[in-house]
Amino acid sequence: LMNTFQMQVMTSEDRAEQSELQGLLCGVFTSLTNKLGARIQPFIEHVMQLFLQVFNQQEASVHEEALMAVSAVVTVIGDQFKVYAEQIMPVLRLGLTNHKEYEVCSVAVGLVGDMCR
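Just so you know, these numbers come straight off a predicted model, no measurement behind them.

Undergrad: Hey, could you run me through the nonpolar core in this one?
TA: For soluble globular proteins, nonpolar side chains are generally found buried alongside one another. The biggest cluster of nonpolar side chains holds 28 residues, and the ones touching the most others in it are M48, F51, F55, L67, V70, V73 and F81. Put simply, the parts of the chain that give this core at least two residues each are helix 1 (12-36), helix 2 (44-55), helix 3 (60-77), helix 4 (82-96) and helix 5 (102-116). Among the elements that line this core, the one with the most residues is helix 3, at nine residues.

This is the structure we're talking about:
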């Protein structure tokens with residue numbers, strides 16, 4: 001995921017390729033987190049920083065995948081997620097108010113639910 005931020009983006013096709021790759025990698029991390037559970041914990045600090053970088057991109061589809069990955073992290077680390085809550089709140093607010101991209105809004109609602117458990 002880190003390498004995708006260093007890709008040369010010259011055209012809209014480059015941007016689309018970068019976004020697709022980031023979305024796929026977020027999906028892989030979601031699956032890994034769900035499969036490995038607490039064993040993924042040593043990597044969460046680094047990965048959460050990468051997700052925050054993903055949220056700086058302007059692609060709703062990538063945000064959707066990254067929010068699902070964050071939701072998987074919340075499920076695994078539970079109360080320990082409060083360390084990241086302040087950083088994720090602006091992103092979460094944007095997701096909740098993104099009515100044009102209802103999939104992002106829906107995933108954001110799910111993340112709020114996961115955070116409240």
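What follows continues from the structure just given.
Undergrad: Help me understand the environment of V54, please; the structure alone is not making it clear to me.
TA: Relative to the helices and strands, V54 resides in helix 2. Here V54 falls in the buried class, since its relative accessible area comes to 0%. When the C-alpha atoms of V54 and L96 are compared, they prove to be 17 Å apart, with 42 residues separating the residues in sequence. Ignoring anything within four residues of it in the chain, the contact list for V54 reads L1, F5, C26, V62, H63 and A66.

Undergrad: Explain the state of the cysteines here, please?
TA: Two cysteines joined by a covalent bond between their sulfur atoms form a disulfide. Evaluated as defined, the whole model comprises zero disulfides. No disulfide involves C105; its nearest neighbouring cysteine sulfur is the one of C116, lying 15 Å away. Take C105: its relative accessible area is 15%, and that puts it in the buried class. Residue C116 is classed as exposed on the basis of its relative accessible area of 64%.

Undergrad: Any chance you could explain the packing of helix 2 against helix 4 here in plain terms?
TA: The packing of two helices is summarised by the inter-axis angle and the distance between the axes. Between helix 2 and helix 4, the shortest axis-to-axis distance is 10 Å and the interhelical angle comes to 20°. Classified by the angle between their axes, helix 2 and helix 4 sit roughly parallel to one another. In this structure, helix 2 crosses over helix 4, and the sense of that crossing is left-handed. Across the interface between the two elements, I44, E45, M48, Q49, L52 and F55 from helix 2 touch Y84, Q87, I88 and V91 from helix 4. Classifying every residue of the contact of helix 2 with helix 4 gives seven nonpolar, two polar and one charged.

What counts, and where the lines are drawn
Residues numbered from 1 in each chain as written. Predicted model: local features only at pLDDT ≥ 70, side-chain atom pairs only at ≥ 80, totals over all residues. Heavy atoms only, no water. Core = buried A, V, L, I, M, F, W, Y, C linked by side-chain atoms within 4.5 Å. Buried < 20%, exposed > 50% of the residue type's maximum accessible area, 1.4 Å probe, protein only. Helix = DSSP H or I, 4+ residues; strand = E, 2+ residues; numbered from the N terminus. Contact = heavy atoms within 4.5 Å. Disulfide = S-S within 2.5 Å. Axes fitted to C-alpha atoms, helices over the stretch in contact; angles between N-to-C directions. Parallel < 35°, antiparallel > 145°, perpendicular 65-115°, else oblique. Left-handed = near helix turned anticlockwise from the far one by under 90°. Nonpolar A, V, L, I, M, F, W, Y, C, P; charged D, E, K, R; others polar.

Any functional reading would require information that these geometric values do not contain.
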